[in-house]
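Summary of the model geometry
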Number of protein chains: 2
Amino acid sequence: MNSEEVKPIRILIADDHQMFIDGLKALMRREKELVVIGEVSNGNQAMQFIIQERPDLLITDVSMPGMSGIELTRWVKQHHPCVKVLVVTMYNDREIVNEILMSEAEGCILKNTGKQELLNAIKRITDDSTYYSTEVLNIMMTRLKKHKTIEKNTSVLTPREIEIVKLIMEELSSEEIAEKLFISKRTVDTHRKNILQKTNTRTIVGLLKFAIENNLTEYNSD
Amino acid sequence: MNSEEVKPIRILIADDHQMFIDGLKALMRREKELVVIGEVSNGNQAMQFIIQERPDLLITDVSMPGMSGIELTRWVKQHHPCVKVLVVTMYNDREIVNEILMSEAEGCILKNTGKQELLNAIKRITDDSTYYSTEVLNIMMTRLKKHKTIEKNTSVLTPREIEIVKLIMEELSSEEIAEKLFISKRTVDTHRKNILQKTNTRTIVGLLKFAIENNLTEYNSD
DNA sequence: TTTCTACTCGGTATTTGTACGGATTAGTCC
DNA sequence: GGACTAATCCGTACAAATACCGAGTAGAAA
């Protein structure tokens, strides 16, 4: 009964900069429920440690010599999904953030994060939730927003033309579209011609790109 | 000097369910720095109010009779970007969440959110940050993750075939591709044939979809 | 050596798309 | 009424893609 009060969270830190590990430990020292049970300086050591000790949480840097933190995260999520992962990164680069998201890490924060945010992140992650810092979210947002900005191009197309573009995207030929809309194949051709002209494209490929940029198909970025 | 202690946050609530407005107000009653300066039940009233009173924060429901909360948000962000917006939704539907993100709202939470999370959200938003609840984030995540899962299809294509797919995506015709690669147009045709077969598609349209799914073009969803 | 795969090339025919030209009808806006 | 646009339709011609058949070579794997 003595040790039943709070089950501590067993943490492994993976980072090739000892200074950073020390900093993290300092931030967590006062928290009784957080116990750093290991520190390693590269991905392979981390894998070994995880296999043997099964920590509750892995805090890892993105860039490490050899296996990167992202690869490590992928490995963890594939082989030990119960181990939560909080990725820490120096740069809030678009591509890196994307990779982190894809790697299915439970959270991501920047290295300059303060104590309170770090603790929040750990709390939410260990509560089976996720935590992504504001900066990281902003990157996600801008990525998603990008589409929106272009969207007005669509306005040059008439409703009928848009309808046709959508059908083209469904891999229908002009003839099939004609049947479906009860109009002549010639009409469809004319629409196509006008569409290509309005969208400044020469071939269907260009048209497809336009359609995706303008969300004219359920087939976009989602 | 008397009113300088804390500048209160002036809030407008827009929701067509009075009960919900009352609930929100109850949650915020104890917080001195939060002042509800207005309540409206549809988008047009909200617009009028915002023009006249310039609240610091708008809390709005997604679905309202007439102008939806999302349209309202878009209008706010376009005409009064200083007014922060927290969108509250009953459903964590994929499409709705997408719309909310696109509308550039600073935050989004579900209607069943507890007091603490609501206050957190307001705090982060008014600190020029953003707040999206865990459930909402999860939806974003699954959207982004989807790509990853499919990605292995590419392996069925040979390096040369992938090369050709990429060139097709750059709007080159078979003949142009042949010139570029110093091979016969027939060879390109054969590759095309094999590619279509391997990818189970009939036309370039289908192929393009495949290419995007498999990141064979810089042109993907990001 | 044989087998297999990736890559290469060819012929013929058909289907589909694009480029060029033209036209009519219905409706809106001034 | 006149100007404009969206939507409809047609002909001719060429370009491009797809379907179908075939085959040879180089290199790796068995």
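Residues numbered from 1 in each chain as written. Chains lettered and ligands numbered in written order. Predicted model: local features only at pLDDT ≥ 70, side-chain atom pairs only at ≥ 80, totals over all residues. Heavy atoms only, no water.

**Some words on the sheet that holds strand 1 (residues 9-14) of chain A**
All names here are of chain A.
- In spatial order, the strands read 2-1-3-4-5-6; together these six strands make up an open sheet with parallel pairing. With partners counted over all chains shown, the strands left at the sheet margins are strand 2 (34-40) and strand 6 (131-132), one partner each.
- As paired elements, strand 5 (residues 107-110) and strand 6 share two bridges and run parallel to each other. Bridge pairing links Gly-107 to Tyr-131 in strand 6.
- Strands strand 1, strand 2, strand 3 (57-61), strand 4 (84-89), strand 5 and strand 6 of the sheet are contacted by helix 5 (residues 115-126), whose axis makes an angle of about 155 degrees with strand 4. (Pairing = 2+ DSSP bridges. Helix = DSSP H or I, 4+ residues; strand = E, 2+ residues; numbered from the N terminus. Contact = heavy atoms within 4.5 Å. Axes fitted to C-alpha atoms, helices over the stretch in contact; angles between N-to-C directions.)

**Examining the pairing of strand 1 of chain A**
Residues and elements named next belong to chain A.
- Burial within strand 1 is extensive, with five of its six residues counted as buried.
- The sheet contact formed by strand 1 and strand 2 spans six bridges and is parallel. Within strand 2, the residue paired with Ile-13 across the bridge is Glu-39.
- Crossover strand 1 to strand 2 through helix 1 (residues 18-28) is right-handed.
- Here strand 1 pairs with strand 3 via four bridges, running parallel. From the neighbouring strand, Ile-11 faces strand 3, where its bridge partner is Leu-57. (Buried < 20%, exposed > 50% of the residue type's maximum accessible area, 1.4 Å probe, protein only. Right-handed = clockwise from strand over helix to strand, strands pointing away.)

**Concerning the nonpolar core**
- Residues A:Leu58, A:Leu72, A:Val76, B:Leu58, B:Leu72 and B:Val76 are the most contacted members of the largest nonpolar core, which totals 55 residues.
- Apart from the residues within four sequence positions on either side, A:Leu72 is in contact with A:Ala14, A:Gly43, A:Ala46, A:Met47, A:Leu58, A:Thr60, A:Met64 and A:Met67.
- Counting 36 residues, the second-largest nonpolar core is a separate cluster that includes A:Ile164, A:Val165, A:Val188 and B:Ile195. (Core = buried A, V, L, I, M, F, W, Y, C linked by side-chain atoms within 4.5 Å.)

**Considerations on the confidence of the model for chain A**
- Per-residue pLDDT for chain A has a mean of 82; in total, 86% of the residues score no lower than 70.
- Per-residue pLDDT stays below 50 along residues 147-151 of chain A; that stretch engages in eleven contacts with residues further than four places along the chain or on separate chains. (pLDDT = per-residue confidence, 0-100.)

**Topic: the environment of A:Arg186**
- Within the secondary structure, A:Arg186 sits in helix 9 (residues 185-198).
- Taking the C-alpha atoms as reference, A:Arg186 lies 8.9 Å from A:Glu175; in sequence the two are eleven residues apart.

**A look at the side chain of B:Thr60**
Residue and element names in this part refer to chain B.
- Its place among the elements puts Thr-60 in strand 3 (residues 57-61).
- Judged by its relative accessible area of 1%, Thr-60 is buried.
- Excluding its chain neighbours within four sequence positions, the residues that come into contact with Thr-60 are Ala-14, Gly-69, Leu-72, Thr-73, Val-85, Leu-86, Val-87 and Val-88.

**Re the protein's contact with DNA strand C**
- Residues in contact with DNA strand C amount to 19 residues; listed here are only the nearest, B:Thr158, B:Arg160, B:Ser184, B:Arg186 and B:His191.
- Here, DNA strand C places atoms within 4 Å of the protein, and 65% of those atoms are sugar or phosphate.
- In this structure, a phosphate oxygen belonging to DNA strand C sits 3.2 Å away from a side-chain N or O atom of A:Glu175.
- The contact in question runs from a base nitrogen of DNA strand C to an N or O atom on the side chain of B:Thr190, over 2.9 Å.
- The set of elements that each furnish at least two residues to the surface near DNA strand C consists of helix 8 (174-181) and helix 9 of chain A together with helix 7 (159-169) and helix 9 (185-198) of chain B.
- Of the residues belonging to the surface near DNA strand C, the class tally is four nonpolar, eight polar and seven charged. (Near = heavy atom within 4 Å. Polar contact = N/O pair within 3.5 Å; in protein donor to acceptor, adjacent residues only side chain to side chain. Nonpolar A, V, L, I, M, F, W, Y, C, P; charged D, E, K, R; others polar.)

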